[in-house]
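Now for the letters of each chain:
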Amino acid sequence: MKTLSLLFFTFFIFNCEAQLKTNDAIPLQEDPKNYRLETVADGINNPWGMAFLADGSLLVTEKSGILYHVTNGVKTEIKNVPAVYNRGQGGLMDIVLHPEYTKNGWIYISYASLEGEGEAGGANTEIIRAKLDGDNLVNIEKIYKATPNSKRSIHFGSRITFDNEGYLFFSIGSRGFENENPQNITLDGGKIYRLNADGSIPKDNPFVGQPNAKETAFTYGHRNPQGLVKNPFTGDIWEHEHGPQGGDEINIIKKGANYGWPIITYGINYDNTIITNETQKEGMEQPLYYWAPSIAPCGMDFVSSDIYPDWKGSLLVGSLKFQYLELVKLDGNKIIGRQKIASDIGRLRSVKQGPDGYIYIGAEGKGILKIIPN
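Here's a quick rundown of the structure.

Definitions and limits used
Counting starts from 1 at the beginning of each chain's written sequence and moves along it residue by residue. Residue-level local features of this predicted model are given only where pLDDT is at least 70; pairs of side-chain atoms are given and counted only at 80 or more, and the full residue set underlies all totals for whole chains, interfaces and linings. Heavy atoms throughout the structure, all of them, feed into the side-chain values; hydrogens and water do not. Two rings from Phe, Tyr or Trp (for Trp, the six-membered ring) form a pair when their centres sit within 6.5 Å of each other. Planes less than 30 degrees apart are called stacked, planes more than 60 degrees apart edge-to-face, and all others tilted. Strands are runs of DSSP state E lasting at least two residues, helices are runs of H or I lasting at least four, and both sets are numbered from the N terminus onward. Exposure is judged per residue with a 1.4 Å probe applied to protein chains only, and the accessible area is read against the type maximum: over 50% gives exposed, under 20% gives buried, and values in between give partly exposed. For two strands to be treated as a pair, DSSP must find at least two bridges joining them. Fitting a line to C-alpha atoms yields each axis, with helices limited to the stretch in contact; the angle taken between N-to-C directions then spans 0 to 180 degrees.

## Some remarks on the packing of aromatic side chains
Part 1 of the reasoning: For the structure on display, the rule yields 14 aromatic pairs.
Part 2 of the reasoning: Here Tyr-144 and Phe-170 contribute two aromatic rings whose centre-to-centre distance is 5.7 Å and whose plane-to-plane angle is 40 degrees, an arrangement assigned as tilted. Residue Tyr-144 is located in strand β10 (residues 136–145), and its partner Phe-170 is located in strand β12 (residues 168–172); the two are separated by 26 residues in the primary sequence.
Part 3 of the reasoning: Exposure remark for Phe-170: the relative accessible area of 0% places this residue in the buried category.
Part 4 of the reasoning: With a centroid separation of 5.2 Å and an interplanar angle of 0 degrees, the aromatic rings of Tyr-308 and Trp-311 are classed as stacked. Neither Tyr-308 nor Trp-311 differs from the other in exposure class; each is buried.
Part 5 of the reasoning: Ring-pair connections join several aromatic residues into one group, and the members of that group are Tyr-35, Tyr-308, Trp-311 and Tyr-358.

In structure tokens, the structure reads:
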């Protein structure tokens, strides 16, 4: 029996490695260093999210629970930020502006919230919107709160974006309940959600009217999505998520689709044990790309600026594990190349193309840096 188990394990690993090698045949090119990095704001230990205001100043979330307003390199702490659960992967996370921010002033924030029912002292991901009045958050409204609270310190997600029609998309990770949340549309976690900007549920959401379903959900079968952005060239919503050991993914979000976790995966457990011997299954989406080994992706944006002619049309993804920014070169929806940018600078937590066309990155222990071509 032991011999059969060993043979199966060997076959699985060989098969999985073969598939990983096929997918990962696109070599990672070295950093060209044809640019310089300029510090925009230092002293921000874990810059999770960024949002640019109309005057060119910058809002930055610090995971520990501080929201900074950065103007000409000067940081001001915004008051009245909700208390966050700063533990493990939880804390103050993403921040985006409403597409018509100059008209309505709404700012959207995701964070690990202690409010709500569940395990005492635990938390889950919450989305709020608020307005800025001087150095204060005001008019705070709850858009969505995942349930139940848990003391588990992993897989909160969470990124936020808007599509071309003004719908609000956000991600919430599995919260570590791998065999419960992602495949169950009646439970929160392991999903991408879509709401109207005021928090109401669109009537055409895919699970509206199904018994006990989370009608807020748009897709399911995700692990821990920490990248979510609109493709400015197509209008599609793109997502990336942490796999286990191997199998970090890039996906294009499709209404009602199942992305497979944990039924299918190209990764294995951190102790090298098998999660599943399935990498494909009918009715489940294949990733557009998966990394092997995992890069621990966090932060994501497209390059649409003419400032970087060699990078225009590419996707940028931060790597926490290998501490660089990855330039994912695209031909439509096909990945044709990969290149290191800002290598050895630290754990890349966030990346954003600003309204001035320049790329800004948030590096742990460094703060916010601006990429300026030579």
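## Some details on the sheet that holds strand β13 (residues 191–195)
Part 1 of the reasoning: Judged by pairing direction, the sheet is antiparallel, and its four strands sit side by side in the order β11-β12-β13-β14 without closing on themselves. Both outer strands of the open sheet, β11 (160–162) and β14 (217–220), are each paired with one neighbouring strand and no more. Sheet twist, expressed as the average angle between the axes of neighbouring strands with direction ignored, equals 20 degrees.
Part 2 of the reasoning: Where β11 meets β12, three bridges bridge the pair, whose relative direction is antiparallel.

## Points about the pairing of strand β20 (residues 315–319)
Part 1 of the reasoning: Of all five residues in β20, five are buried; the element is thus mostly enclosed.
Part 2 of the reasoning: Where burial is concerned, the two faces of β20 agree: the one with Leu-315, Val-317 and Ser-319 and the one with Leu-316 and Gly-318 are both buried.
Part 3 of the reasoning: Relative to strand β21 (residues 324–331), β20 runs antiparallel, the two sharing five bridges. Bridge pairing links Leu-315 to Val-328 in β21.
Part 4 of the reasoning: The antiparallel hairpin formed by β20 and β21 contains four residues in its connecting segment, where Gln-323 sits at a positive phi of about 60 degrees.

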